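These are the residues of each chain, in order.
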Amino acid sequence: MDGIAQAESGNNYNARNGQYIGKYQLSASYLNGDYSPAHQEEVAQQYAVSRYGSVQAAAAYHAAHGSW
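Being a predicted model, the structure only gives us computed values, none of them experimental.

Cut-offs and rules
Residues numbered from 1 in each chain as written. Predicted model: local features only at pLDDT ≥ 70, side-chain atom pairs only at ≥ 80, totals over all residues. Heavy atoms only, no water. Helix = DSSP H or I, 4+ residues; strand = E, 2+ residues; numbered from the N terminus. Rg over C-alpha atoms; globule rule 2.2 N^0.38 Å. Pairing = 2+ DSSP bridges.

1. Notes on the overall build of the protein
Thought 1: For the protein, the helix and strand inventory stands at four helices and three strands.
Thought 2: Ordering the α and β elements of the protein from the N terminus gives α-β-β-β-α-α-α.
Thought 3: The C-alpha atoms of the protein give 11 Å as radius of gyration, which agrees with the globular expectation for 68 residues (11 Å, within 12%).
Thought 4: Dimensions of the protein, computed from C-alpha atoms along their principal axes, come out at roughly 30 × 20 × 20 Å.

Encoded structure:
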């Protein structure tokens, strides 16, 4: 997940880009108002596994496509 975080926000938990928030630039709707670092990490892990099947697959997709 480090590569995703670096590319998306420079590892900044406070980064914002429209509706995308935090270290992994997740949609605000995924974070449900809790932008704490611990919650961002938890939700990013859940998102990676639910959408891509694993963290490794999410990282590979991001490397290939530049987004996730």
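Additional details are given in the paragraphs that follow.
2. What about the sheet that holds strand β3 (residues 26–27)?
Thought 1: Reading across from one edge, β1-β2-β3 is the order of the three strands in this open sheet, with antiparallel pairing throughout. Each edge of the open sheet is held by one strand with a lone partner, namely β1 (16–17) and β3.

Interpretation note: all reported values are geometric properties and have no functional meaning in isolation.
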